[in-house]
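As a plain string of letters, each chain reads:
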Amino acid sequence: MELKNQYWVLRHGRSKPNERGLIVSHLSNGVLEEHALSSEGVKQAQEAGYQLIKELAIINFPLEKVRIYCSPFSRTVDTAKAVAEVLKINPSQIQYSEHLRERYFGPDLELKSHEHYPEIWALDEYDSLVGPAGGESVADVAARLAKIIEQIETDCQGSTPDEAVQMYLSSLRFAVVVVSHGDPLQIFQTIIKAAVSGVANYLRDGANYDHLVLSKHRTYALQTGELRRIP
C-alpha cells in the first residue's frame, strides 16, 4: 500500500509521570495537568521542532503543508503545541484524536510503577492479541491506529478551486507529524511497515492481525521527545 503523505512520529517529551515512574494510561488521568510535560520535556519537544524544520528544509517542504495529529493526553498536547510554536504554524494545523491516546494497561496497573512495563511487553511477545487484565492488547491498539491513518490519508489531500493549483498541490504530500506515546507509536510503525512492504494491509478496518508481526513492536521503540521519519 502506498501512503500519500510523508509521516513523522514524535513521542511526547519527558513527562511528570515519567519523572515519578508512574503508569498513566487511562484518558481520565492522562488529560490532567499534573500529568503534563516536565520542564525537560518541554525542551525536548522544542528540540524536536527544530529538528523537523531542518528535515523539512532538506526536502524543500513548505510549513503550510505540515499537519500535526495528536493524542489528547496533556503530555502529548504540550508536546504538539511546543512543536507548533517552534514551526510558527497556525494552531488549526493541529488535530486531536482519541485514536492516538496512550495504550490502556488496565486498572490493575493504572498509576502503578513503570517497573511493570517489562511484564506487559513479555505478554505481548507471548500473545500480542491478548492484553493485560482489563487493558488493551497490541491488536486492539493497532485497530484504532488504522482508523486514524485512514482519516489522515482522507483529510490530507489538499483542495483549491483553481484546477492548475489543485494539480500542483495534489502532487505534494503533506508532512504529517503523529504525536503520541511509546507503545502506540511502536505499534503505529509496525502496521505502517507491514502495509507498505505488502506483508499485510493492516491499515484496513477489520484486518486480521498476525501475532508474529505485532509481537515485534518493541523493535520500533522511541525515547521521550524522539522524532523519527517513517516509513
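What counts and how
Residues numbered from 1 in each chain as written. Predicted model: local features only at pLDDT ≥ 70, side-chain atom pairs only at ≥ 80, totals over all residues. Heavy atoms only, no water. Helix = DSSP H or I, 4+ residues; strand = E, 2+ residues; numbered from the N terminus. Rg over C-alpha atoms; globule rule 2.2 N^0.38 Å. Buried < 20%, exposed > 50% of the residue type's maximum accessible area, 1.4 Å probe, protein only. Contact = heavy atoms within 4.5 Å. Areas by Shrake-Rupley, 256 points an atom, 1.4 Å probe, with all protein chains shown as cover. Lys, Arg positive; Asp, Glu negative; His and termini not counted. Charge placed at Lys NZ, Arg CZ, Asp CG, Glu CD. Disulfide = S-S within 2.5 Å. Polar contact = N/O pair within 3.5 Å; in protein donor to acceptor, adjacent residues only side chain to side chain. Patch = residues over 30% accessible without salt bridge, like charges linked within 9 Å, V, L, I, M, F, W, Y side chains within 5 Å. Salt bridge = Lys/Arg side-chain N within 4 Å of Asp/Glu carboxyl O.

The protein appears in an unreviewed UniProt entry as Phosphoglycerate mutase from Ceratopteris richardii.

Novice: Let's hear about the overall build of the protein: which residues, and what values?
Specialist: Assigned secondary structure in the protein consists of 9 helices and 5 strands. Helices and strands in the protein line up, N terminus first, as β-α-α-α-β-α-β-α-α-α-β-α-α-β. Over its C-alpha atoms the protein spans a radius of gyration of 17 Å, differing by no more than 12% from the 17 Å that the globule rule assigns to 231 residues. By principal-axis analysis of the C-alpha atoms, the protein measures approximately 55 × 40 × 25 Å. Among the 231 residues that make up the protein, the fraction classed as buried is 52%. Pairs at least 24 apart in sequence give 80% of the contacts found in the protein among residues at least 6 apart. Surface accessibility of the protein: about 10900 Å² in total, with carbon and sulfur atoms responsible for 50%. Within the protein, the 30 negative side-chain charges are centred at a point lying 3 Å from the centre of the 24 positive side-chain charges.

Novice: Lay out the state of the cysteines with the relevant residues and their values.
Specialist: Scanning the model with the defined rule gives 0 disulfides in all. Just so you know, C70 is unpaired, no disulfide at all, and the nearest cysteine sulfur is the one on C156, 14 Å from it. The exposure class of C70 is buried, given its relative accessible area of 0%.

Novice: I'd love a proper account of the environment of T219, names of residues and values included.
Specialist: The residue T219 is located in the loop between α9 (211–214) and β5 (227–230) in this model. Placed 29 residues apart in sequence, T219 and T190 show a C-alpha to C-alpha distance of 8.6 Å. Here the side chain of T219 touches K216 through a polar contact of 2.8 Å, landing on its backbone oxygen.

Novice: Which residues make up a nonpolar patch on the surface, and what are the values?
Specialist: Side chains of Y50, I53 and L63 sit close together on the surface and give an oily, nonpolar patch of about 250 Å² of accessible area. Within the secondary structure layout, I53 lies in helix α3 (residues 39–58). On the accessibility criterion, I53 (30% relative accessible area) is partly exposed.

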